[in-house]
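What follows is the residue order along each chain.
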Amino acid sequence: MSVAPMTIPVGDRFARELPELAVKWRAEPAPDPRLLVLNEPLAADLGLDADWLQTPDGLQFLTGTLIPDGAAPVAQAYAGHQFGGFVPRLGDGRALLIGELTTTGGELRDLHLKGSGATPFARGGDGLAAVGPMLREYVISEAMHALGIPTTRSLAVVATGRTVTRETLLPGAVLARVARSHLRVGTFQYAATTGDRDLLRRLADHAISRHHPGAADADNPYVALFEAVIAVQAALVAQWMLVGFVHGVMNTDNTTISGETIDYGPCAFMEAYDPETVFSSIDSWGRYSYGNQPSIAGWNLARFAETLLPLFADDQDQAIAIAQDRLEGFSARFQHALTSGMQAKIGLTGEPAEQAPLMNELLEQLAASHVDFTSFFRHLGRAARGDTEPARGLFLDLAAFDGWLSRWRALQPDPELMDRVNPVYIPRNHLVEEALSAATDGELRPLQQLLVAVTAPYDERPGLERYAEPAPEDFGKYRTFCGT
Ligand code: AMP
Ligand code: MG
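Residues numbered from 1 in each chain as written. Chains lettered and ligands numbered in written order. Predicted model: local features only at pLDDT ≥ 70, side-chain atom pairs only at ≥ 80, totals over all residues. Heavy atoms only, no water.

A. Structural view of the domain arrangement of the protein. According to the domain assignment, the protein contains domain 1 (5-179) and domain 2 (185-343). Each of domain 1 and domain 2 has a C-alpha centre, and the two are 23 Å apart. Listed by partner, the interface residues are 36 residues for domain 1 and 39 residues for domain 2. Contact between domain 1 and domain 2 buries roughly 3100 Å² in total, counting both sides, with carbon and sulfur atoms accounting for 60%. Considering only the side of domain 1, the residues that lose the most area to domain 2 are His-81, Phe-83 and Pro-150, jointly responsible for 21% of the buried surface there. (Domains from an automatic or database assignment. Contact = heavy atoms within 4.5 Å. Buried area = accessible area lost by both parts, 1.4 Å probe.)

Spelled out as structure tokens, the structure:
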């Protein structure tokens, strides 16, 4: 198939409907673009020709210098609470929304570039991104997608041929990211801060139309929008918890209205189960630790509610009462999603609440014995088939675990259910680092092999044993960074 590049149907709906939140902007040309990784199935789903994307024109499209007719690339404005402090003007400092594409299934997707040059929101930043962190986002977001967790996706990473200055000089890259939209709680905070109620209403209507169309039929569509975002965020954070994902920078500008995971900066997967797990080098108080994620999501949703108050009711006290009432639903929804997900992880069905004590006791034992969260549940699947030794071998207090095992086995757990929900392969920190450092030196094979493992995470395959193992002891404590 050949594609006339200028006829790729890229829409400009966000820029047209919400011009106050969009600054028309151009990408900085990449001096020597070179494709590092391309997501061919995703390209096909977006109606893009994977062969063409690899041509010089295709690489210009993926780095933002070849703009199809009708597209109007913009930097998006947003605000955000960063580690609890409000920043009224953040926005895309190093990113561009190229526009909206339509999937083969007829759904709208944002095509967005990260690392495409400084915009008016750059606040002194260079607007660039390095190869390592962009490949990191590619691997982890695609792993999350394969795990069945709502997330932005990665279409391609193109090395620019430009050098980026961080602590050392690094090769630069642009990530082409695909999302249901880039509407964030921070987008609403920005609109609310302008005091322009018409803008706020248009933004809310845009969000309803793109993500929660059922809300349009409610008595108050904006209250229904809030409820819908509570529901998708509660489900999302429960899914994070169930695979040991630590987002690491749950600022309100990184909390989407669609319910997709966004912003793969300092995120990482927990190995030994410990609710206090933190990877981000700047999160010294553990605000965004694994165990704090549900309460932070609730906090971020309260900030979302604040922006919507004028649309909830004319009377402010009444609006606050509505917000509080709906917000109370978050915790129950989250708990339900978490408990039923945990129930599936241990292969049980029936009334989840009745099994909560069994689950909690297991988590206490996992913490006490520093057990690797991911491999434990696969080993437990073997225990459900009668082979208890791999799971038993992970515990220090064997007597306590044996007691738990016999009570659990009496409930006749279903190993097939367990294998469907417990991944074998996650992007483990030592493997991600190994792949990124090789890629930074120009060797892409470890990255490709890691992608083979993590993009089919439930499908155990011979030859991939090392991708299922926790990090060796000498890997040490893992640290991740923001603003890479
Ligand atoms: P993040 O930590 O990725 O959520 O980014 C927070 C804010 O910093 C956003 O407004 C980004 O656009 C901006 N930002 C991060 N890195 C850079 C950079 N190298 N140049 C310009 N802006 C940046
Ligand atoms: Mg961000």
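B. Up close: the environment of Val-246. Take Val-246: it is sitting in strand 10 (residues 245-246). Spatially, the C-alpha atom of Val-246 lies 20 Å from that of Ala-456, the residues being 210 residues apart in sequence. (Helix = DSSP H or I, 4+ residues; strand = E, 2+ residues; numbered from the N terminus.)

C. Just the site of ligand 1, in detail. Around ligand 1, the surrounding shell holds 17 residues, and the nearest of these are Gly-91, Gly-93, Arg-123, Gly-127 and Asp-263. In the model, a nitrogen atom of ligand 1 is placed 3.3 Å from a nitrogen or oxygen of the Arg-94 side chain. Note that an oxygen atom of ligand 1 is positioned 3.0 Å from one of the side-chain N or O atoms of Arg-123. Against a free-state accessible area of 480 Å², the protein chains account for coverage of 85% of ligand 1. In terms of residue class, the shell around ligand 1 is made up of 4 nonpolar, 6 polar and 7 charged. Taken domain by domain, the makeup of the shell around ligand 1 includes at least three residues from each of domain 1 (5-179) and domain 2 (185-343). (Near = heavy atom within 4 Å. Polar contact = N/O pair within 3.5 Å; in protein donor to acceptor, adjacent residues only side chain to side chain. Areas by Shrake-Rupley, 256 points an atom, 1.4 Å probe, with all protein chains shown as cover. Nonpolar A, V, L, I, M, F, W, Y, C, P; charged D, E, K, R; others polar.)

D. Highlighting the coordination of the magnesium ion (ligand 2). At this site the magnesium ion (ligand 2) is bound by Asn-254 (OD1) and Asp-263 (OD), with donor distances of 2.0 to 2.3 Å. Judged by its relative accessible area of 22%, Asp-263 is partly exposed. (Donors = N, O, S within 2.8 Å, 3.2 Å for Na, K, Ca; no water. Buried < 20%, exposed > 50% of the residue type's maximum accessible area, 1.4 Å probe, protein only.)

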